[in-house]
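Spelled out from the first residue to the last, the chains are:
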Amino acid sequence: QVQLVQSGGGLVQVGGSLRLSCATSGRTISSYAMGWFREAPGKEREFVGAINWSGDTWYPDSVKGRFAISRDNAKNTVYLQMNSLKPEDTAVYYCANGDYSGSYSSYDYWGQGTQVTVSS
């Protein structure tokens with residue numbers, strides 16, 4: 001069974017950095033796209049970025065230049081490096097496995113989510 005286990009969330013000050021990890025079992029991540037999404041209270045799930053099988057990455061303007069997705073194929077793990085964090089980045093962050101897309105409906109498997117809180 002495909003499982004995605006996330007780690008690395010926490011509390012960080014404005015301008016700080018945080019790296020989220022998403023370890024996948026049951027499926028080789030290099031054969032699929034991995035996406036990152038976030039969901040803040042009262043807000044819709046928001047696309048944060050994705051990486052496809054060839055290593056291409058895609059980010060929305062809201063995080064472009066601040067967030068970066070990387071992949072460690074040996075560990076079957078993807079990472080979301082978040083820099084220059086802002087209070088509006090506060091959300092539960094989810095990794096997902098599936099098709100290379102900015103839509104959450106394109107992903108088949110999801111991590112459990114991890115809270116990222118950026119305090120002023």
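Residue numbering note: each chain is counted from 1, following its sequence as written. At least 70 in pLDDT is required for a residue's local features to be given in this predicted model, at least 80 for side-chain atom pairs to be given and counted, and no such filter applies to totals for whole chains, interfaces and linings, which use all residues. Note that the side-chain values use all heavy atoms of the structure and ignore hydrogens as well as water.

Looking now at the overall build of the chain. For the purposes of this entry, the term helix denotes a DSSP run of H or I that reaches at least four residues, the term strand denotes a run of E that reaches at least two, and both are numbered from the N terminus. Counting secondary structure elements, the chain contains 0 helices and 11 strands. Its C-alpha atoms give the chain a radius of gyration of 13 Å, within 12% of the compact-globule value 14 Å for 120 residues. Judged by the C-alpha coordinates and their principal axes, the chain covers about 40 × 25 × 25 Å. The buried label goes to any residue with under 20% of its type's maximum accessible area, the exposed label to any with over 50%, and the partly exposed label to all in between, with areas taken from a 1.4 Å probe on protein chains only. Considering the chain as a whole, with its 120 residues, one finds that 44% of them fall into the buried category. Taking as baseline every contact in the chain between residues at least 6 positions apart, the subset at least 24 positions apart corresponds to 56%. Using the Shrake-Rupley algorithm and a 1.4 Å probe, accessible areas are obtained, with residue cover drawn only from the displayed protein chains. A total accessible area of about 5,900 Å² is found for the chain, and carbon and sulfur atoms account for 46% of it. Put simply, the chain has 10 plus and 10 minus side-chain charges, and the middle of one group is 5 Å from the middle of the other. The globule rule used for comparison is 2.2 Å times the number of residues to the exponent 0.38, while the radius of gyration itself is calculated over C-alpha atoms. Any two residues having at least one pair of non-hydrogen atoms within 4.5 Å are treated as being in contact. Only four residue types enter the charge count, namely Lys and Arg as positive and Asp and Glu as negative; His and the chain termini do not. For charged residues, the charge sits on one atom: NZ in Lys, CZ in Arg, CG in Asp, CD in Glu.

Before going further, it helps to spend a moment on the sheet that holds strand β8 (residues 77-82). Reading across the sheet, the 4 strands line up as β1-β3-β8-β7 and stay open at both edges, with antiparallel pairing between neighbours. Strands with a single pairing partner mark the edges of an open sheet, and in this sheet they are β1 (3-7) and β7 (67-72). Ignoring which end each strand starts from, the neighbouring axes of this sheet average 20° apart. As defined by bridge partners, strand β3 (residues 18-25) adjoins β8 across 6 bridges and the pair is classed as antiparallel. Note on β8: the bridge partner recorded for C22 is V78. The criterion for strand pairing is that DSSP finds at least two bridges linking the strands in question. Note on method: axes are straight lines fitted to C-alpha atoms, helices fitted across the in-contact stretch only, with angles between N-to-C directions ranging 0 to 180 degrees.

Summarising burial for strand β5 (residues 46-51): 5 of the 6 residues are buried, a large majority. Across 5 bridges, the pairing between strand β4 (residues 33-39) and β5 is antiparallel. Considered in β5, the bridge of R38 is made with E46. What sits between the antiparallel neighbours β4 and β5 is a turn of 6 residues, in which G42 has the positive phi angle 75°. When β5 meets strand β6 (residues 57-58), the two strands line up antiparallel, connected through 2 bridges. When the bridges of β6 are listed, I51 appears paired with T57. Between β5 and the antiparallel strand that follows it, β6, lie 5 residues; G55 among them carries a positive phi value of about 95°.

In short, shape yes, function no, at least from these values alone.
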